[in-house]
Amino acid sequence: MTGTQAGSKVAVFDVSNPSSVAAMGTYTDATGNGGNQMAVAGRNLYAIAGSTVASVNITNPNAPASGGTNGTITAGAGTGIAVSGKYVYAGSGTSIQSYDVSNGSPTSLQQLTGLTGNATVVQAQGSYVYVGSSTNVTVVNAVNTASMSIGGTVSYGSSVSDLKVQGRYVYAVSSAGNNLKIYDVKNPAVAPVLSATLAMPTSCGPVAISLNDRFAYIACSNNTNGAIQIVSIVDPTAPTIVSYMNTPTALKDLFVSGRYLYGLLNTCLLYTSDAADE
């Protein structure tokens with residue numbers, strides 16, 4: 001997804017052949033704001049564009065279209081979005097807002113305020129939402145999406161750049177802290193328990209993280225030519241850096257699926273690599 005003067009543009013790519021990624025259809029939502037984050041569920045993609053949650057139908061990847069009426073983020077510009085089942089969650093400032101997207105259009109259910117720090121990233125797993133902020137990692141109870149409540153929260157020590165949830169653990173990275181922290185969130189009602197901290201190499205400055213069953217792939221932003229640190233998370237209480245790979249330029253985001261890793265470069269190009277070779 002890229003920002004344009006006309007609004008938010010969603011671009012679809014065919015990655016069935018990772019060595020030759022092919023551009024397919026695009027859709028521009030004329031909100032007047034460039035998009036910055038998105039989440040996909042089934043046939044719909046939901047993107048933050050300023051203070052709007054845009055819905056895009058991607059049933060036909062060659063011709064993505066409007067997925068319905070856009071939703072409004074009450075607190076202003078959105079800074080994180082996640083989807084779980086038929087619900088979308090958007091972070092903005094010290095609040096998290098829930099939407100019902102069962103008919104494609106984001107219908108607001110609740111704006112929960114009172115987060116510690118301004119939200120920077122949002123992830124969802126089951127009935128819980130995990131929010132990284134400028135200061136904290138917070139668990140939000142969304143068992144009732146129209147009556148969410150803040151569960152456990154813990155100070156990260158610096159601004160959270162990205163986080164992912166896998167099983168009972170939250171994996172968070174911070175560019176300012178230049179580290180990875182792993183939290184046990186088995187009990188979402190209490191503060192996440194720090195299981196491990198792993199310092200990144202001095203030149204890294206991690207901005208994004210993606211996971212599979214055995215490894216965490218961490219995108220570095222400070223390297224001139226770009227790099228990805230590969231961390232073993234077989235034991236979440238003792239993560240270790242096992243390898244690294246260089247990229248053409250610094251990365252903004254990355255995603256691993258099966259044996260392939262996809263990275264978004266600062267030059268707005270999609271980069272693919274065979275993760276099995278690293």
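You'll find the structure just up there.
Residues numbered from 1 in each chain as written. Predicted model: local features only at pLDDT ≥ 70, side-chain atom pairs only at ≥ 80, totals over all residues. Heavy atoms only, no water.

A. Representation of the overall build of the protein chain within the structure. Helix and strand content of the protein chain: zero helices and 27 strands. At a minimum sequence separation of 6, the contacts of the protein chain that also span at least 24 residues come to 41%. Of the roughly 11,600 Å² of accessible surface on the protein chain, a fraction of 48% belongs to carbon and sulfur atoms. (Helix = DSSP H or I, 4+ residues; strand = E, 2+ residues; numbered from the N terminus. Contact = heavy atoms within 4.5 Å. Areas by Shrake-Rupley, 256 points an atom, 1.4 Å probe, with all protein chains shown as cover.)

B. The arrangement of the sheet that holds strand β18 (residues 169-174) in detail. Strand order across the open sheet formed by four strands is β17-β18-β19-β20, with antiparallel pairing between neighbours. Where the open sheet ends on each side, the last strands, each with one partner, are β17 (162-166) and β20 (193-199). The sheet shows a mean angle of 20° between the axes of neighbouring strands, taken without regard to direction. Bridging between β17 and β18 involves five bridges; their strand directions are antiparallel. By the bridge assignment for β18, leucine 163 is matched with alanine 172. (Pairing = 2+ DSSP bridges. Axes fitted to C-alpha atoms, helices over the stretch in contact; angles between N-to-C directions.)

C. Quick look at the packing of aromatic side chains. On inspection of all chains with the given rule, the structure shows three aromatic pairs. Ring centres 6.5 Å apart and planes at 55° place the aromatic pair tyrosine 169 and tyrosine 171 in the tilted group. A relative accessible area of 2% means that tyrosine 171 is categorised as buried. (Phe/Tyr/Trp six-rings, centres within 6.5 Å; stacked < 30°, edge-to-face > 60°. Buried < 20%, exposed > 50% of the residue type's maximum accessible area, 1.4 Å probe, protein only.)

D. How the structure looks around the pattern of salt bridges. This model, assessed by the stated rule, comprises two salt bridges. The salt bridge involving aspartate 162 is made with lysine 164; its shortest N-O contact spans 3.0 Å. In this structure, the salt-bridge partner of aspartate 184 is arginine 168, at a minimum N-O distance of 2.4 Å. Of this pair, aspartate 184 sits in strand β19 (residues 179-184) while arginine 168 sits in the loop between β17 and β18; the two residues are 16 residues apart in sequence, bridging distant segments of the chain. (Salt bridge = Lys/Arg side-chain N within 4 Å of Asp/Glu carboxyl O.)

E. Quick look at the nonpolar core. Counting residues in each nonpolar core, the largest one holds 16 residues, and the members touching the most others are Tyr171, Leu180, Met200, Ile209, Ile218, Val231 and Ile233. Looking at this core, the elements with two or more residues in it are β18, β19, β21 (206-211), β22 (215-220) and β23 (227-232). Apart from the residues within four sequence positions on either side, isoleucine 209 is in contact with Asp162, Leu163, Lys164, Tyr171, Val173, Leu180, Ala216, Tyr217, Ile218 and Leu254. (Core = buried A, V, L, I, M, F, W, Y, C linked by side-chain atoms within 4.5 Å.)

F. Structural context of the state of the cysteines. Under the definition given, this model contains one disulfide. Between the sulfur atoms of cysteine 204 and its disulfide mate cysteine 220 the distance is 2.3 Å. Taking the sign of the S-S torsion, -85° for the link of cysteine 204 and cysteine 220, the bridge is left-handed. Highlighted residues: cysteine 204 in the loop between β20 and β21 and cysteine 220 in strand β22, separated in sequence by 16 residues. Each member of the pair cysteine 204 and cysteine 220 is classed as buried. (Disulfide = S-S within 2.5 Å.)

G. Broad picture of the sheet that holds strand β16 (residues 149-155). The strand order β13-β14-β15-β16 describes an open sheet built from four strands, whose pairing is antiparallel. The strands lining the two open edges of the sheet, one partner per strand, are β13 (119-125) and β16. Going across the sheet, the axis of each strand differs from the next one's by a mean of 20°, ignoring polarity. In this structure, strand β15 (residues 136-141) lies alongside β16, joined through five bridges in antiparallel fashion. Residue pairing for β16: valine 137 is matched across the bridge by valine 154.

H. Geometry of the pairing of strand β11 (residues 95-100). Across the six residues that make up β11, a large majority, six, are buried. Side chains Ser95, Gln97 and Tyr99 of β11 all project onto a buried face; the interleaved residues Ile96, Ser98 and Asp100 project onto the opposite face, where all are buried too. Alignment of strand β10 (residues 87-92) against β11, held across six bridges, turns out to be antiparallel. Note on β11: the bridge partner recorded for alanine 90 is glutamine 97.

I. Seen up close, the side chain of lysine 181. Note that lysine 181 resides in strand β19. Although lysine 181 is buried, it forms no salt bridge, and the closest oppositely charged side chain is aspartate 162 at an N-O distance of 16 Å. Within the local environment of lysine 181, its side chain forms a polar contact with the backbone oxygen of tyrosine 156, the two atoms lying 2.5 Å apart. Excluding residues that lie within four positions of it along the chain, lysine 181 makes contacts with Tyr156, Val170, Tyr171, Ala172, Leu194, Ala196 and Thr197. (Lys, Arg positive; Asp, Glu negative; His and termini not counted. Polar contact = N/O pair within 3.5 Å; in protein donor to acceptor, adjacent residues only side chain to side chain.)

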